[in-house]
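Here is what each chain is made of, one letter per residue.
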Amino acid sequence: MKVQISSERCQGHGRCYDLVPDLFGEDEEGYSRLLGDGTVPPGKEREARLAESNCPERAIEVLEGT
Amino acid sequence: MAADDRFTDDYRGRREDGPVGTRNEIITGPVSDWATDFSHLEPEWSADPYPIQDDLRERCPIARTERFGGGWLPTRYEDVAAIAYDTDRFSSRAIIMSNFRPPRELAPVGGSPPISSDPPFHHDARKLLLPAFTKQAVARQEPSTRAFCHSLIDAFEGQDVVDAAADYAQHIPIRVIADMLGFPPEHGPQFREFVEDLIEGINLPPDDRIARVSRLFDYLLAQVHEHLDDPREDLTTYLINAELYGQKLEPSHVVGTLVLLLIAGIDTTWSAIGASLWHLAKTPADRHRLVAEPGLLPTAAEEFLRAYAPVTMARLVKQDMHWHGADMKADDWILLSFPAANRDPAQFDRAGEVVIDREVNRHAAFGLGIHRCLGSHLARMELRTALEVWLQRIPEFSLDDPPAVTWSPGQIRGPRTLPLRIR
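As the structure is a computational prediction, the values presented were derived from the model and not from experiment. Here the residue index of a chain counts from 1 through its sequence in written order. In the order they appear in the text, chains get letters beginning with A and ligands get numbers beginning with 1. Under the rules for a predicted model, residues below a pLDDT of 70 receive no local features and side-chain atom pairs below 80 are neither given nor counted, while totals for whole chains, interfaces and linings still include all residues.

Attention shifts here to the nonpolar core. Taken as a class, soluble globular proteins show a tendency for nonpolar side chains to be buried jointly. Only buried Ala, Val, Leu, Ile, Met, Phe, Trp, Tyr and Cys residues enter a nonpolar core, and they are joined through C-beta atoms within 7 Å. Field definition: a residue is buried when 20 or more other C-beta atoms are found within 10 Å of its C-beta, exposed when 12 or fewer are, and partly exposed for counts in between, with C-beta atoms placed from the backbone. With 110 residues, the main nonpolar core has V80, L262, L277 and A314 of chain B as its most contacted residues. Runs of E in the DSSP output that reach at least two residues are strands. Runs of H or I that reach at least four are helices, and both are numbered from the N terminus. Per-element accounting of this core gives the leading share, 9 residues, to helix α14 (residues 251–264) of chain B. Among all residues touching L262 of chain B, those that are not within four sequence positions of it are I177, L181, F191 and F194 of chain B. Of all hydrophobic cores here, the second largest spans 15 residues; its members include V3, C16, L23 and A51 of chain A. Working definition of a contact: two residues with C-beta atoms, positioned from the backbone, lying within 7 Å.

Here the focus is helix α10 (residues 171–181) of chain B. Residues and elements named next belong to chain B. Of all 11 residues that make up α10, 10 are buried, and the element is covered over most of its length. Every buried residue of α10 is accounted for by H171, I172, P173, I174, R175, V176, I177, A178, M180 and L181. Just past α10, the residue G182 takes up positive phi, approximately 75°.

Facing the 20 residues of chain B at the interface are 14 residues of chain A. Sorting the residues of the side of chain B that touches chain A by element identifies α7 (135–139) and α19 (376–393) of chain B as the ones contributing at least two each. Residues are grouped as follows: Ala, Val, Leu, Ile, Met, Phe, Trp, Tyr, Cys and Pro are nonpolar; Asp, Glu, Lys and Arg are charged; all remaining types, including Gly, are polar. When the residues that make up the side of chain B that touches chain A are grouped by side-chain class, the tally is 8 nonpolar, 7 polar and 5 charged.

All names here are of chain B. DSSP bridges decide pairing: two strands pair if at least two such bridges lie between them. In space, the 3 strands of this open sheet follow the order β6-β16-β13, with antiparallel pairing throughout. Both outer strands of the open sheet, β6 (161–163) and β13 (398–399), are each paired with one neighbouring strand and no more. Direction of pairing for β13 relative to strand β16 (residues 419–421): antiparallel, over a ladder of 2 bridges. Counterpart to L399 in the pairing with β16 is L420.

Moving on, we come to the confidence of the model for chain B. Values of pLDDT, ranging from 0 to 100, describe the predictor's confidence in every residue of the model. Of the residues in chain B, 97% have a pLDDT of 70 or more, and the chain-wide mean is 95. Confidence estimates for the predicted assembly give a pTM of 0.96 and an ipTM of 0.97.

As structure tokens, this is what we get:
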């Protein structure tokens, strides 16, 4: 499983890095960035989906089966 | 280095030669039909706007009013979101729905950049402020905020009933923003007056309103002068020195942004803290659960933000158009109700209920799109800290006199009197 962030949609609400700080972080302006290459470690699938489903801007996409 | 003379003469005087805005007749009094005559300044709305919004969403999802010179109130999430995203057709030139429309020439900067700005200027003005308001940056305020919350509760010693709005919630954002701007914390009571003048004094006679707003600008100009004489590590000094397009900011930009930072951070967070305590006071099951499971607090705080979203914004329609079934005219207001969007059953399960362990919560309390609340990380830090300290220190409390609770009128809604029995 992988996650990706649409930098065009992200407005820096920070729900993702609040909820899943080991997958997402903030840049110097508060916009979200991936901490790694977007690969979701085994056991973290639920958290990745949580970040996706709480993003007010729908900027996060979970790519199942990748 | 030449002295900074941007603020030496009264720069406001120079504006009077420029374009003027338009005023409309002030209409107050009971609302005849919320679908055609809505007003967010009438007591029925302040007391409980949710049944009104739910009813409108069913029978007239974009309501109309002839008050304030004409405006619209969308109550469906999808319409609110569409307007928030559509900066081509809806301007932020004015974001407080009132009886005065600033001149069109004020766009794209607006009176209080960046909240009042439209693209492309908006992005550049916002970029100046974003680094000071990241989650990491505002975390530096958390220890002092926590200590301050404790000191407020220490002062309850010996009292059985306290006003959680006036004696707790109110003081927290005032102290935090005063620290960030480098304003004396003892000026807090004045800040409260400024907030009331600007946000709640909408229907006052024009001369009275102008006089009140002038007091705020006089205060801020005096603070700018103090910071020019004695520069410090704070946001005011930062703004005085900040540059955009290779030049220092216009004086109206500096003072307009100070208006935004001072006003927007106070009654909003005050309202969020107060509404959350009000809910917990009247809902023992939720209170007991949060005391037993403090780890649930961040999730619960998001639900309080959804269900009791304090902030409604406004926009102005740019040109005549037919939009989602409404015949909108240029300069019609849009009352952009994030609270109504947050209770749309098409977007949220059990939309009208407060579910403190709601896991999926894509609420819009801090807005959507390019104007996402600049202070959202600060507000969340303050809300969580204020609730955490309160629940640790006062796990048992209840509404002392439910009818005595009062709510603020206008676009920022929260308790202004909240008597709680704490022992």
